[in-house]
Amino acid sequence: STTAQAADSAAESSSVSKPRTKRRRRQLPYLEYLYKFIKAIFDCAQFSPECNVISLIFMNRLLALTGIPLHADNWRPMMLTALLISQKVWDDRSLRNAHFVQICPMFTVQEINMLEKKFLELIQYDVSISSRLYAKYYFELRTVSEAGSNRPFGLKPLSVSDARRLEQRSLATTRQHRSAHEEDRRQTYHL
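Bear in mind the structure is a predicted one, so any value in this text is a computation, not a measurement.

Cut-offs and rules
Residues numbered from 1 in each chain as written. Predicted model: local features only at pLDDT ≥ 70, side-chain atom pairs only at ≥ 80, totals over all residues. Heavy atoms only, no water. Helix = DSSP H or I, 4+ residues; strand = E, 2+ residues; numbered from the N terminus. Contact = heavy atoms within 4.5 Å. Expected span 1.5 Å × (residues − 1). Buried < 20%, exposed > 50% of the residue type's maximum accessible area, 1.4 Å probe, protein only. Axes fitted to C-alpha atoms, helices over the stretch in contact; angles between N-to-C directions. Parallel < 35°, antiparallel > 145°, perpendicular 65-115°, else oblique. Left-handed = near helix turned anticlockwise from the far one by under 90°. Nonpolar A, V, L, I, M, F, W, Y, C, P; charged D, E, K, R; others polar. Salt bridge = Lys/Arg side-chain N within 4 Å of Asp/Glu carboxyl O. Core = buried A, V, L, I, M, F, W, Y, C linked by side-chain atoms within 4.5 Å. Phe/Tyr/Trp six-rings, centres within 6.5 Å; stacked < 30°, edge-to-face > 60°. Lys NZ or Arg CZ within 6 Å of the ring centre and 35° of its normal.

Peer 1: Could you clarify how one ought to interpret the side chain of Glu116 in this entry?
Peer 2: The residue Glu116 is located in helix α6 (residues 109-122) in this model. Setting aside its immediate chain neighbours within four residues, Glu116 contacts Thr81, Leu84, Ile85, Lys88 and Asn97.

Peer 1: I'm lost on helix α4 (residues 75-90) in this one. Help?
Peer 2: Helix length check: α4, at 16 residues, gives a terminal C-alpha distance of 22 Å against a target of 22 Å (1.5 Å per residue), a fit within 8%. Most of α4 is tucked away, with 14 of its 16 residues classed as buried.

Peer 1: For this particular structure, what's the right way to read the environment of Leu84?
Peer 2: With respect to the helices, strands and loops of the structure, Leu84 is situated in helix α4. Expressed as a C-alpha distance, the spacing of Leu84 and Ala45, which sit 39 residues apart in the sequence, is 9.5 Å. Residues in contact with Leu84, not counting those within four places in the same chain, are Asn97, Phe100, Ile112 and Glu116.

Peer 1: So what exactly am I meant to see when it comes to the packing of helix α3 (residues 50-66) against α4 here?
Peer 2: When two helices pack together, you describe them by how their axes are tilted relative to each other and by the distance separating the axes. Where α3 meets α4, the closest approach of the two axes is 8 Å, and the angle between their N-to-C directions is 125°. On the basis of the axis angle, α3 is oblique to α4. For the pair α3 and α4, the crossing hand works out as right-handed. Contact residues: Glu50, Cys51, Asn52, Ile54, Ser55, Phe58, Met59, Leu62 and Leu63 in α3; Met78, Met79, Ala82, Leu83, Ile85, Ser86, Gln87, Val89 and Trp90 in α4. Split into classes, the residues belonging to the contact of α3 with α4 amount to 13 nonpolar, four polar and one charged.

Peer 1: What should I look at first to understand the packing of α4 against α6 in this one?
Peer 2: Here α4 crosses α6 at 80°, and the two axes come no closer than 10 Å. Judged on the interaxial angle alone, α6 and α4 are roughly perpendicular. Residue-level contacts link Pro77, Met78, Leu80, Thr81, Ala82, Leu84, Ile85 and Lys88 of α4 to Ile112, Leu115, Glu116, Phe119 and Leu120 of α6. In terms of residue class, the contact of α4 with α6 is made up of ten nonpolar, one polar and two charged.

Peer 1: Before we go on, may I ask you to explain the pattern of salt bridges in this structure?
Peer 2: Side-chain pairs of opposite charge can arise where the charged atoms are in close proximity. On inspection of all chains with the given rule, the structure shows six salt bridges. Linking Asp126 and Arg61 is a salt bridge whose minimum nitrogen-to-oxygen distance equals 3.6 Å. Of this pair, Asp126 sits in the loop between α6 and α7 (131-148) while Arg61 sits in helix α3, and the two are 65 residues apart along the sequence. By relative accessible area, which is 14% here, Arg61 ends up buried.

Peer 1: Honestly, the nonpolar core in this entry has me stumped. Any pointers?
Peer 2: The tendency in soluble globular proteins is for nonpolar side chains to be buried as a group. In terms of nonpolar packing, the biggest core is built from 43 residues, with Ile41, Phe58, Ile85, Phe119 and Tyr134 touching the most fellow members. Residue assignment for this core shows that the elements contributing at least two residues are α2 (31-45), α3, α4, α5 (97-103), α6, α7 and α8 (160-190). The element that contributes the greatest number of residues to this core is α4, accounting for ten residues. Apart from the residues within four sequence positions on either side, Phe58 is in contact with Ala82, Ile85, Ser86, Val89, Phe119, Ile123, Val127 and Ile129.

Peer 1: What should I look at first to understand the packing of aromatic side chains in this one?
Peer 2: Aromatic ring pairs are described here by two measures, namely the spacing of the ring centres and the angle between the planes. For the structure shown, the criterion picks out three aromatic pairs. On the numbers, 5.2 Å between centres and 80° between planes, the contact of Phe42 with Phe47 is edge-to-face. For Phe47, a relative accessible area of 3% gives the class buried. Consider the rings of Tyr138 and Phe139, whose centres lie 4.8 Å apart with planes at 85°: the pair is edge-to-face. Residue class for Tyr138 comes out buried when judged on its relative accessible area of 2%. The side chain of Arg165 reaches across the aromatic face of Trp90, ending 4.1 Å from its centre.

As structure tokens, this is what we get:
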């Protein structure tokens, strides 16, 4: 969260002198740790495996549009939110945000709601995914996965009908989010 980052920066540059303690600097996760984090959520949430590819697309879209640096304090909430949004776009029966609180109890429902809202705002409510974009990420992820582990990559490429379904659902969801955002803006403007 940028507010937390700004508060941390302000606290560090504060003129009030505080005793300095040596803090262990957190690092970005290794591929294996990232895999375990996503797998733990996947095992609990039981979302479709395709959501992993879709969430990667959303993460890269967020990073490309905002320039937000990925660091040890923000990658988990960002990844969780990307997974949450991806399963709402792809899965026929998506989990509610309250379910994600049970899966990741470090967050409250209000925080999950805020993370989702902010993530969507930052990607300009664009959750659309072409079949070509999905295929590109699928094959890149498969290559990285197979090169970096002894685990087989169990996810199969999307069928033509599933690729069409993804394009249709993601475009419809984009329109729905943008429409809801415009309605919120109109209501706020008229208050």
